[in-house]
Amino acid sequence: MSTVHVGDLTKSFGGRAVLDGVNFDVHQGEFVSIIGPSGSGKSTIFNVIAGLDTPDSGVVDSPTSAYMPQKDLLFPWRTVLDNTALGLEVQGVPKGEARAQAQALFPVFGLDGYEKARPSEMSGGMRQRAAMLRTVVQGHDLLLLDEPFGALDSLTRTGMQRWLQDMWLEYGWTVLMITHDIREAVYLSDRVIVLSDKPARVRRQVTVPLPRPREPSIVTTPEFAAVEAELMDVLISTSY
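Residues numbered from 1 in each chain as written. Predicted model: local features only at pLDDT ≥ 70, side-chain atom pairs only at ≥ 80, totals over all residues. Heavy atoms only, no water.

(A) View of the environment of Arg 204. For Arg 204, the location among the structural elements is in strand β9 (residues 202-207). Separated by 169 residues in sequence, Arg 204 and Ile 35 place their C-alpha atoms 10 Å apart. When sequence neighbours within four positions are dropped, the list of residues in contact with Arg 204 reads Val 192, Ile 193, Val 194, Glu 230 and Val 234. In terms of polar contacts, Arg 204 uses its side chain to reach the side chain of Glu 230, at 3.3 Å. (Helix = DSSP H or I, 4+ residues; strand = E, 2+ residues; numbered from the N terminus. Contact = heavy atoms within 4.5 Å. Polar contact = N/O pair within 3.5 Å; in protein donor to acceptor, adjacent residues only side chain to side chain.)

Here's what the structure looks like:
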């Protein structure tokens, strides 16, 4: 069952084509990553799916999504609890109810005890968990994650990747993620969509035939390396 259908999507800015007939589907409960050259239009696709921008032509059939941008965008003057409840408040949920819904997820997201903390008192990984909680608590059927761990150091990033996989397996979210990290895409995804340089088209869709759950050590296996090499070959041929 398709949760997202993108058909023949085109988009231009200032007369320059960014998307040139992008086609793909995301199935319910699937984790799909999008990779491609820098500036190839990945975030533009997300903006169209999220309803923040309109295509020049084409079809986007998608449920209401919760969009997590590259930066955590936590307000420094609000407590962590107030930050995580913000999306619900924007939707019109009363403040007390919004806070209660968000607080119920604090233990699940490893944030228990940080309700009254300010973002400046938390590590980068903890801030990303708070941003993810704010995204998830909105209760939408689709999560759009735009480079969610791009600003983290390597060790923290590895831990967050494993944590995200565990949360996805437990809750059955449908996830579409942008990343520039091929290894991250292979580790987390059921399928990886590779875009060409702009104007972007889908060059290839690669299924990741690795068992779940995936331990971090899986990156050292020949099976993992084979998928990583295939994606690298496509990206290199796309960039030149």
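(B) Just the pairing of strand β6 (residues 142-146), in detail. Counting buried residues along β6, 5 of its 5 residues qualify, which places the element largely inside the surrounding structure. Sheet topology note: the strand β5 (residues 65-68)/β6 ladder contains 4 bridges and is parallel. When the sheet's bridge partners are listed, Met 68 is paired in β6 with Leu 145. Here β6 runs beside strand β7 (residues 174-178); their pairing, made up of 5 bridges, is parallel. Pairing of Leu 144 across the sheet is with Leu 176, part of β7. With helix α6 (residues 154-171) bridging β6 and its parallel neighbour β7, the resulting β-α-β unit is right-handed. (Buried < 20%, exposed > 50% of the residue type's maximum accessible area, 1.4 Å probe, protein only. Pairing = 2+ DSSP bridges. Right-handed = clockwise from strand over helix to strand, strands pointing away.)

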